[in-house]
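Structural characterization, general
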Amino acid sequence: MESVISEFIANSPENTLQNPANDKAFENPLVGFSRGDDPLYEASRTFVGSFHWTPQEIFSMTFPGLKTEPGELSVISWILPQTEATKSDNRKQRSFPSDRWARARIYGEEFNGKLRRHVLASLAKEGYEAVSPVLSPHWEMKRSEQFVFSSNWSERHAAYIAGLGTFGLCDGLITSRGKALRIGSVVARIKIAPTPRPYADHHAYCLFFTKGICGACIDRCPVRAIGKGGHDKLRCFKYLKPVTQNYVQSHYGFDGYGCGLCQTGVPCESKIPTVEDVEAYINLTVQPRPASIEIS
């Protein structure tokens, strides 16, 4: 499965930002696996909401004629790191996304959908039933009492369970390749050894939670949607649409949106951060915090 995913990313002409330079959208991926009966999937229902699927629930909805036990299923998760060019462009931004970042949000996610379908087709060719939850007609956004905006399948949580990363102050997933990324997943009736989780806490890689330092993403947010209390999803969403949407259309000439400022220009942009990374960030950061953009 790792080869199926990596080779598609390396060789597919669909891995593009669709800009004049035809830049790649993503670099080589991280791939992880989890068991369908991992107790953290049931625990996710407590944190996200009772509506959040377990792997067995979405698999049974997709294949109602198959009697399948949770332990027969595996969840395949992948991380698509942004390219250095995309990160570099967005790192320089203070209020709005760069052209490359906005393209990665739209065209890169379109490619991610094609990757999901490619994984499904590859599994089907070998005789394995599989479903990509976010491509399912049953998938939908949900309102969560704790998280405001949620859905009945979280690919970030699946990646966390698969040992690929932990959550930061801004809710982004911090991985060994950093936080500037997209995520995908597939649930399959196949036995794959789970990836060991090198952490025991869902905030293990975020130095704000573990050491009480950093908080760089707070200063990077142009609308003050991140604070010491966490991420204000509603304020963030109101900035994405229509504010960045209007900006991308008027400045870059395509129908898109995005931000990603809290994922770039921070110590966890491209790696699991260390105390030394935070100290270097503080020493290099000389620009004053920009004025907050007004949103209604």
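Please refer to the structure higher up on the page.
Here we summarise the structure given alongside this text. Everything quoted here is computed from the prediction, not taken from an experiment. (Residues numbered from 1 in each chain as written. Predicted model: local features only at pLDDT ≥ 70, side-chain atom pairs only at ≥ 80, totals over all residues. Heavy atoms only, no water.)

The next thing to look at is the overall build of the protein chain. Tallying secondary structure elements over the protein chain gives 10 helices and 10 strands in all. Rg of the C-alpha trace for the protein chain: 19 Å, near the compact-globule value of 19 Å for 296 residues, within the 12% margin. Overall, the C-alpha framework of the protein chain stretches about 60 × 45 × 35 Å when taken along its three principal axes. Within the span of the protein chain, comprising 296 residues, buried residues form 51% of the whole. (Helix = DSSP H or I, 4+ residues; strand = E, 2+ residues; numbered from the N terminus. Rg over C-alpha atoms; globule rule 2.2 N^0.38 Å. Buried < 20%, exposed > 50% of the residue type's maximum accessible area, 1.4 Å probe, protein only.)

Counted residue by residue, strand E8 (residues 181-188) has 7 buried out of 8 residues, so it is predominantly covered. Note: strand E2 (residues 74-81) against E8, 8 bridges, orientation antiparallel. Within E8, the residue paired with Leu 80 across the bridge is Arg 182. Note that strand E3 (residues 130-131) and E8 share 2 bridges and pair antiparallel. Bridge pairing in E8 places Val 131 opposite Val 187. (Pairing = 2+ DSSP bridges.)

The strand order E1-E2-E8-E3 describes an open sheet built from 4 strands, whose pairing is antiparallel. At either margin of the open sheet sits one strand with a lone partner, and together these are strand E1 (30-35) and E3. Taken strand by strand, helix H5 (residues 99-125) contacts E2, E3 and E8, and its axis lies near 20° from that of E8. (Contact = heavy atoms within 4.5 Å. Axes fitted to C-alpha atoms, helices over the stretch in contact; angles between N-to-C directions.)

For the rest of this paragraph, the subject is the pattern of salt bridges. Where charged atoms from two side chains of opposite charge come close, those side chains can pair. If you walk through the whole model with that rule in mind, you get 17 salt bridges. Its salt-bridge partner being Glu 57, residue Arg 45 comes within 2.8 Å of it at the nearest N-O pair. Residue Arg 45 is found in helix H2 (residues 39-47), and its partner Glu 57 is found in helix H3 (residues 55-62); the two are separated by 12 residues along the sequence. Linked through salt bridges whose partners overlap, the residues forming this network are Glu 109, Arg 116, Glu 155 and Arg 182. (Salt bridge = Lys/Arg side-chain N within 4 Å of Asp/Glu carboxyl O.)

Between helix H1 (residues 2-11) and H5, whose axes approach to 10 Å, the crossing angle comes to 140°. Here H1 is positioned oblique relative to H5, judged by the angle of their axes. For the pair H1 and H5, the sense of crossing is right-handed. Judged by residue contacts, Val 4, Ile 5, Phe 8 and Ile 9 of H1 engage Phe 111, Lys 114, Leu 115, His 118, Val 119 and Ser 122 from H5. Class assignment of the residues belonging to the contact of H1 with H5 gives a composition of 7 nonpolar, 2 polar and 1 charged. (Parallel < 35°, antiparallel > 145°, perpendicular 65-115°, else oblique. Left-handed = near helix turned anticlockwise from the far one by under 90°. Nonpolar A, V, L, I, M, F, W, Y, C, P; charged D, E, K, R; others polar.)

Checked against the element boundaries, Ser 151 lands in strand E5 (residues 148-151). Separated by 2.8 Å, the side chain of Ser 151 and the backbone oxygen of Trp 153 make a polar contact. Residues within four places of Ser 151 in sequence aside, it is in contact with Val 48, Phe 51, His 52, Trp 139, Glu 140, Met 141 and Lys 142. (Polar contact = N/O pair within 3.5 Å; in protein donor to acceptor, adjacent residues only side chain to side chain.)

Turning next to the nonpolar core. Judged by nonpolar contacts, the single largest core of 51 residues is most densely connected at Ile 79, Trp 153, Leu 169, Leu 173, Val 187, Val 223 and Ile 226. Contributions of two or more residues to this core are made by H3, E2, H5, helix H6 (155-161), strand E7 (173-175), E8, helix H8 (216-220) and helix H9 (233-252). Counting 21 residues, the second-largest nonpolar core is a separate cluster that includes Phe 8, Ala 25, Ala 104 and Ala 188. (Core = buried A, V, L, I, M, F, W, Y, C linked by side-chain atoms within 4.5 Å.)

With that settled, consider unusual backbone geometry. With an omega of 20°, the peptide bond running from Lys 241 to Pro 242 counts as cis. As for its placement among the helices and strands, Pro 242 is situated in helix H9. Backbone geometry at Arg 224 places phi at a positive 60°, although glycine is not the residue there. With respect to the helices and strands, Arg 224 occurs in the loop between H8 and strand E9 (226-227).

This next bit is on the environment of Ile 5. Within the element layout of this structure, Ile 5 appears in helix H1. A residue is classified by how much of its surface remains accessible, and Ile 5, at 0% relative accessible area, is buried. In this structure the C-alpha to C-alpha distance between Ile 5 and Leu 181, which are 176 residues apart in sequence, comes to 15 Å. When sequence neighbours within four positions are dropped, the list of residues in contact with Ile 5 reads Pro 29, Val 31, Ile 76, Trp 78, Leu 115 and Val 119.

Looking now at the pairing of E1. Here E1 lies mainly inside the structure; 5 of its 6 residues are buried. Direction of pairing for E1 relative to E2: antiparallel, over a ladder of 6 bridges. Bridge pairing links Gly 32 to Ser 77 in E2.

This paragraph deals with helix H4 (residues 84-91). Thr 86, Lys 87, Ser 88 and Asn 90 are the residues of H4 that are buried. In this fold, the buried residues of H4 make contact with H5 and H8.

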